[in-house]
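Here is what each chain is made of, one letter per residue.
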Amino acid sequence: MAQRTLARYLTEEQRNKGAITGDLKFLIEIVSRACLAISVAVGKGGLGEALGEAGSDNVQGEAQKKLDVLSNDILLDANEWGGHLAAMASEEMDLPHLVPHRFPKGEYLLTFDPLDGSSNIDVNVSIGTIFSVLKCPEGADLSTPEAAEKAFLQAGTQQVAAGYAVYGPTTVLVLTVGDGVVAFTLDREQGQFVLTQEGLQIPAETKEFAINMANQRHWEAPVQRYVAEMQAGRDGPLGKDYNMRWVGSMVADVHRIMTRGGIFLYPVDAKMKDKGGKLRLMYEANPMAMLVEQAGGAASTGRQRILDIEPTHLHQRVAVILGSKSEVERIAAYHRA
Ligand code: P6P
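Figured I'd write up the structure that's included with this text.

### Observations concerning the nonpolar core
Here is step 1: Ranked by size, the top nonpolar core spans 48 residues in total, and within it Tyr164, Met250, Met258, Phe264, Met288, Val320 and Leu322 carry the most contacts.
Here is step 2: With 9 residues, the top contributor of residues to this core is helix α7 (residues 281-294).
Here is step 3: Each of domain 1 (6-198) and domain 2 (208-336) gives at least three residues to this core.
Here is step 4: Grouped together as the second largest cluster of nonpolar side chains are 43 residues, Ala50, Met93, Ile121 and Leu195 included.

### Let's talk about the site of the ligand
Here is step 1: What surrounds the ligand is a group of 13 residues, the closest being Asp116, Asn212, Trp246, Met250 and Tyr266.
Here is step 2: Within the side chain of Asn212, a nitrogen or oxygen atom sits 2.9 Å from an oxygen atom of the ligand.
Here is step 3: Within the contact set of the ligand, an oxygen atom lies 2.7 Å away from a backbone nitrogen or oxygen of Met250.
Here is step 4: Computed on the free molecule, the ligand has an accessible area of 400 Å², of which 83% lies beneath the protein chains in the complex.
Here is step 5: Contributions of two or more residues to the shell around the ligand are made by β13 (263-266) and β14 (279-280).
Here is step 6: When the residues that make up the shell around the ligand are grouped by side-chain class, the tally is 5 nonpolar, 4 polar and 4 charged.

### A short note on the packing of helix α6 (residues 250-260) against α7
Here is step 1: Where α6 contacts α7, the axes come no closer than 11 Å and their chain directions differ by 10°. If you check the angle between α6 and α7, you find them roughly parallel. When α6 is examined against α7, the residues Met250, Val251, Val254 and Met258 are found in contact with a partner set consisting of Glu284, Met288, Leu291 and Val292.
Here is step 2: The residue makeup of the contact of α6 with α7, split by class, is 7 nonpolar, no polar and 1 charged.

### Comments concerning the sheet that holds strand β9 (residues 181-187)
Here is step 1: One open sheet accounts for 8 strands, arranged β4-β3-β5-β6-β7-β8-β9-β10; its pairing is mixed. The strands lining the two open edges of the sheet, one partner per strand, are β4 (97-98) and β10 (192-198).
Here is step 2: Relative to β9, strand β8 (residues 171-176) is paired through 5 bridges, and the arrangement is antiparallel. Bridge pairing in β9 links Leu175 to Val182.
Here is step 3: Contacting β3 (85-90), β4, β5 (108-116) and β6 (127-135), helix α3 (residues 66-79) crosses the sheet at an angle of about 155° to β5.

### Structural notes on the sheet that holds β13
Here is step 1: Taken in spatial order, the 5 strands of this open sheet run β12-β11-β13-β17-β15, and their pairing is mixed. Among the strands making up the open sheet, the edge pair consists of β12 (243-244) and β15 (298-300).
Here is step 2: Across 3 bridges, β15 lies against strand β17 (residues 320-323) in antiparallel orientation. The residue of β17 that forms the bridge with Ala298 is Gly323.
Here is step 3: Relative to the sheet, α6 contacts β11 (208-210), β13 and β17, its axis offset from that of β17 by approximately 30°.
Here is step 4: The sheet strands contacting helix α8 (residues 325-336) are β13, β15 and β17, and the helix crosses β17 at an angle near 150°.

### Remarks on the pattern of salt bridges
Here is step 1: Tallied over the full model, the rule gives 24 salt bridges.
Here is step 2: Close ionic contact of Lys17 with Asp179 constitutes a salt bridge, the shortest N to O distance being 2.6 Å. In this pair, Lys17 is assigned in the loop between α1 (6-15) and α2 (22-44) and Asp179 in the loop between β8 and β9, connecting sequence segments 162 residues apart.
Here is step 3: A relative accessible area of 53% places Lys17 in the exposed class.

How each quantity is defined
- Every chain's residues receive numbers from 1 upward, in the order its sequence appears when written.
- Given that the model is predicted, a residue must reach a pLDDT of at least 70 before its local features are reported, and side-chain atom pairs must reach 80 or more before they are shown or counted; all residues, however, enter totals for whole chains, interfaces and linings.
- Only hydrogens and water are set aside when side-chain values are computed; all heavy atoms of the structure are taken into account.
- Definition of nonpolar core: a set of buried residues of the types Ala, Val, Leu, Ile, Met, Phe, Trp, Tyr and Cys, connected through side-chain atoms within 4.5 Å.
- Summary of the burial criterion: residues with accessible area below 20% of their type's maximum are buried, those above 50% are exposed, and those between are partly exposed, where the area comes from a 1.4 Å probe applied to protein chains only.
- Strands are runs of DSSP state E lasting at least two residues, helices are runs of H or I lasting at least four, and both sets are numbered from the N terminus onward.
- The domain boundaries here were taken from an automatic or database domain assignment.
- Put simply, a residue is near a molecule or strand once any heavy atom of it comes within 4 Å of that molecule or strand.
- Counting of polar contacts relies on pairs of N or O atoms within 3.5 Å, with two restrictions inside protein: one atom must be capable of donating a hydrogen and the other of accepting it, and residues adjacent in sequence are counted only when both atoms are side-chain atoms.
- Accessible surface is estimated by sampling points in the Shrake-Rupley manner with a 1.4 Å probe; for residues, cover comes only from the protein chains shown.
- Throughout, the ten residues Ala, Val, Leu, Ile, Met, Phe, Trp, Tyr, Cys and Pro are labelled nonpolar, Asp, Glu, Lys and Arg are labelled charged, and all others, Gly among them, are labelled polar.
- Note on method: axes are straight lines fitted to C-alpha atoms, helices fitted across the in-contact stretch only, with angles between N-to-C directions ranging 0 to 180 degrees.
- To sort the angles, those under 35 degrees are grouped as roughly parallel, those over 145 as roughly antiparallel, those from 65 to 115 as roughly perpendicular, and the leftovers as oblique.
- In what follows, residue pairs with any heavy atoms lying within 4.5 Å of each other are defined as contacts.
- DSSP calls a pair of strands paired once it identifies at least 2 bridges connecting them.
- The salt bridge criterion pairs a side-chain nitrogen of Lys or Arg with a carboxyl oxygen of Asp or Glu, the two atoms within 4 Å.

As structure tokens, then:
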């Protein structure tokens, strides 16, 4: 049977199921080609000109890597001419990027973290691109970048698509358009994404957790209790041994969970309380939460479902606890106790 490429999958979702519009199909294909270009740049490593610091800081106050800036530019350049988008927002830009007047505007908004896990770029550890698609509200004020921010402030339940590309030993694009989760592996010889997994399901139970243990002294009591019980292993209240993984790239940790289960935690802690957490809602937590829920998992701040959060500003941060449903439900119960 002929390989099912991303283009074929999207065409089937559009034609056979009416799950997506032609413009959304086009948008996702464009984003996938941008991810392919980023994969090529990332894959060059020291052979290219793109390792090291860019010499600038992003809106988060984080030093930008050259590949952060390059990846952001690749996504902007790929998406602004197509006529499917009204505006884009990125971790790397303070304000939304409006589609230039010389191009037609479309009905969608795109948010992205162009290269998540930047601290891992120079040490050859997996990194990734995360993206989320929203509908642009009717009559939204897109007269200026400042005015356009309001159009993006929609709860995660409003996302029409979400996905990530993980640049690891292979480049894999994981996607949902609200009809389950599918994964495509980049065939470098053909230069296209080929369907390699569909109907991804996160096991409800797990024995693997992902958290940065260096922050343990800052955690709130429910998180302290939850992690201590897993560390107690089979002699503790959970009666089983757990293992820990922490890549330092959300995309890599989430991809492992999408593939074999687990729970990922970046809680609000005493160190990050004033900022609301470490991870960003609009282009990290929300797209990953949509993917995880579409794969039968759960995504919570510990106190509320991430997808229900009504955003107040574009770069707002949030606690993220996501993965195997029974684990997320247990730690949420500890937060209610
Ligand atoms: P820490 C990468 O900078 C990131 O935003 C996520 O990809 C990752 O999960 C997290 O931060 C790592 O944070 O504090 O462990 O370096």
